[in-house]
Structure formats: C-alpha cells, structure tokens
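So you can see what is in the structure, the chains are spelled out below.
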Amino acid sequence: MFFSWYKKFSSQPHQPFFVSGILFFILFMSLFVAIYSNIITLDSSILTYHAYSMIFVIFIQFFLGFLFVVFPRFLIQAEIEIKTYMKQFLLYFFASLGVLFTLIFYSKATFLFQILMLIAQIMSFNLLYSIHKKSIVKVKEDTKWILIAFFAGLISHGLFILSNLDFSYSYEISKFAINSGFYLFIFMIIFTISQRMIPFFTTAKDPTYKINKSENILSLVFIFLALKVLLLSFDNSKINLIADIPLFIIITKELIRWKLPLFKVPAIMWILYLGLYWIPLAFLISIIEGLMAFYDPNIVFEKAVIHTLALGYFITVLIGFGTRVILGHSGSTPHANKFAIFIFIFVQIVVLFRIFTSFSLNFELNYITLLNLTAILLIFGLLLWSSKYITILLKGK
C-alpha cells in the first residue's frame, strides 16, 4: 500500500516539493508564534532564523517544485527523472526537519543542517544548469536569469552559514546574506518565472492578448536589486532611494506595458495579476520610507517593505501558481472557485494587516500581539488552502 502511494506521490516533481514547502511553512510560522508567545525560547536570534527559514528553506522548495516541471519545457528537454528529483526532495526534507528541530533543542547543531540544505541547493542548481547547457534552444534568456538568481542564492546561503562563526564582521555578513538572498535569489527567481508564465497563461485565457515585454527587463531589475542590496548594508533609508525609485519606475512601466486584461480573464488569472501589483506598491512604500527619513527619522516602517513583497507578491503568486499547477496536473481544469477566491482575498487582508502591524510601532499599540495575530491568520490561511489542494497532492496521480 505504501509503495503504491509513494509511486503516485513521487510521479510529478511539484507534488513532493509543494507538500514539503507548505508543511514547513506552517511549522516554522507556528514556531514563530510560540517564540513570541514565550512558549518556547530560542538561543538564536528570532528575526535571523525567521528570515533564513523563509528564504533558504521554504520559498525555494515551492518554486523548485514548479521549476522542475517547467524548466525542461522551456528548453525542450526530457522530463527530469523521478529518482533524480526525489533524491533531492528527501535531502531538502531531512535538512528542513533538522533545521527546525535543532533550532528548538540544540541550536549549535543547526549549521550542520544548513550545510546539508546548501548541498541540496547546489545539486538543484547543477541539475538545472545541465538542462540549460544541453538545450539547443536559441533564446534561453529566462532560464539564464533563473540560474543567475540561483547562483546568487548559493553565494548568499554560503555567506550566511559563514556568518555563524563568531568574528568581527559576522553580523554584517549575515545581514548582507539575508538581503541578497531575499532580493537577488528568491525575488529574482519568482519575478523571472512570473514575467515568463503570467503573460503566457494570459494568452491561453484571452486569445486576443499580445505579449509585449521589454527586452532588457530582467537585466535592469537585477542590476538595481543588486544596488539595493548594497545600499541596505548602510542602514540608511535615505540612500535606498537611489535604487528604490528606478525599481519602482521600471517595474511600474513594465506592468503598464503588458496591458494585462484584468477584466477579461477568469479569477485564476487576476489572482496572479494582483500579486504582481504588490511589487510597485512595496517599492513605493520603500520610497516613502526614504523620503520620510528626511522629515522625521523617528517614524518607524519596520519590515513593511519586506512583508509587502513576501506576503503580497510571493504568497499571492504562490497561491495562484500552486492552485493552477495542482489542478492542471491532476487532470482537472485550472480554475479558481469560490473557495480559492476566498483564500486569495483572505491572504490580501493578512498582507494589509501585516503592513498595519509594521506601522503600529509609531502608535501606542501592542506590536507583539498584532504580530502574533498576523502570523496566526497566515497559518489559518495556509491550513485552509492545504485542506483543499495539498490533499490532492498527497493522493498523487
């Protein structure tokens, strides 16, 4: 019976990776709530572990599940063999479990599982690079930028592990690794997939739609993201304007250029569109933060920008892509029913609540209570989405 289930479960790469991603998302967020509720005490910094787990443990597993499906298709190559991606899945799963439990019980051993996670990511990079290299497709711009972002992620991850050693600049290196991991690794991978797949999906739903993307959009975004990561090292929101203003202009102009038919497509598509619109809003918040620093440096924005991107963009797109891929690859028609639309709207409310929580530090409100409430609402949303869609993955095809 187990072997029959395992055969179905492992038959498509997105199935194990999506399940692992959502499982550890819920577990790490639950740990976050437990810490801020004083139920559990960690030796390591809460914010550092939270950022690390989101960037290098959780989001990458979700999008690897997607990449292992579409990367060979982008490059007209054979599908990845089951034994190849399942070896990697088991490594990711074991490393994720190790990071979680060592953080709780013996944080000095966490770095061992971080190294294991890095090894798994190196294996994933090599696999994707080998597919890219074999392909004779002439235009390989999108897969090239996915690989560049992934390589940046490997460097960021390596630097973060290095920062575990206690030396003079370990804090600065840790901070740089988190920032580069967020923007140059996760954001860049998700944005590259988004600009490739969302216009393509649109043509399937609206045959009159014409794809109209800028030729150098990925290189421009990457250059200014790299500049932003460098500027973030100075802890001065004023100078962040040097990168934030161009990023806001470039991405806003690009989305306008795409002319996405918001009112001509079904809900499964406008969920993805609205996910994209959180990007310019996040950089607009960052611009306002920089300008307000000239007026009153005591006004606190906390992590409003990061969470606008992570919750608003990453998770919204994750729900959209996830729902579409799960339904499409299980033999059902990809669509967003009332349940999926409710989850989507619920997540948008969580995003707005998290942004409000960031600004609550400027008022005499209970920040920790609001933070815990936001996390609990997010966990509830993830569990609700899982009750419908992860059960499909667990059954397998």
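None of the values given here were measured: they were computed from a predicted structure.

Asks: Run through the overall build of the protein, naming residues and quoting values.
Replies: For the protein, the count of helices and strands is 13 helices and zero strands. Traced from its N-terminal end to its C-terminal end, the protein shows the element sequence α-α-α-α-α-α-α-α-α-α-α-α-α. For 397 residues, the compact-globule estimate of 2.2 N^0.38 gives 21 Å, and the C-alpha radius of gyration of the protein, at 20 Å, lies within 12% of that figure. Over its C-alpha atoms, taken along the principal directions, the protein stretches across nearly 55 × 50 × 40 Å. Split into buried and exposed, the 397 residues of the protein put 56% on the buried side. For the protein, the share of sequence-separated contacts (at least 6 apart) that also reach a separation of at least 24 residues comes to 79%.

Asks: Tell me about the packing of aromatic side chains, residues and numbers included.
Replies: Counted under the stated rule, the structure contains 44 aromatic pairs. When the centroid spacing of 6.2 Å and the interplanar angle of 5° are considered together, the rings of Phe125 and Tyr129 count as stacked. You can see Phe125 and its partner Tyr129 sitting in helix 5 (residues 110-134), four residues apart, about one turn around the helix. Phe125 sits in the buried class, given a relative accessible area of 14%.

Asks: Kindly report on the pattern of salt bridges, identifying the contributing residues and their values.
Replies: Evaluated as defined, the whole model comprises five salt bridges. Here Asp235 ties to Lys175 by a salt bridge, and the two come within 2.2 Å at their closest N and O atoms. Taken together, the residues span a long stretch of sequence, with Asp235 in the loop between helix 8 (217-232) and helix 9 (241-258) and Lys175 in helix 7 (residues 170-205) at a distance of 60 residues. Note that Lys228 and Asp244 form a salt bridge whose closest N and O atoms lie 2.7 Å from each other. Taken together, the positions of Lys228 in helix 8 and Asp244 in helix 9 put the pair 16 residues apart, joining distant regions of the chain. Neither Lys228 nor Asp244 differs from the other in exposure class; each is buried.

Asks: Any details on the side chain of Ser358? Residues and values, ideally.
Replies: In this structure, Ser358 sits in helix 12 (residues 338-359). Note on Ser358: relative accessible area 0%, which makes it buried. Only 3.5 Å separates the side chain of Ser358 from the backbone nitrogen of Ala304, close enough to count as a polar contact. The residues touching Ser358, leaving out its near neighbours within four places in the chain, are Val300, Phe301, Glu302, Lys303 and Ala304.

Rules of the game
Residues numbered from 1 in each chain as written. Predicted model: local features only at pLDDT ≥ 70, side-chain atom pairs only at ≥ 80, totals over all residues. Heavy atoms only, no water. Helix = DSSP H or I, 4+ residues; strand = E, 2+ residues; numbered from the N terminus. Rg over C-alpha atoms; globule rule 2.2 N^0.38 Å. Buried < 20%, exposed > 50% of the residue type's maximum accessible area, 1.4 Å probe, protein only. Contact = heavy atoms within 4.5 Å. Phe/Tyr/Trp six-rings, centres within 6.5 Å; stacked < 30°, edge-to-face > 60°. Salt bridge = Lys/Arg side-chain N within 4 Å of Asp/Glu carboxyl O. Polar contact = N/O pair within 3.5 Å; in protein donor to acceptor, adjacent residues only side chain to side chain.

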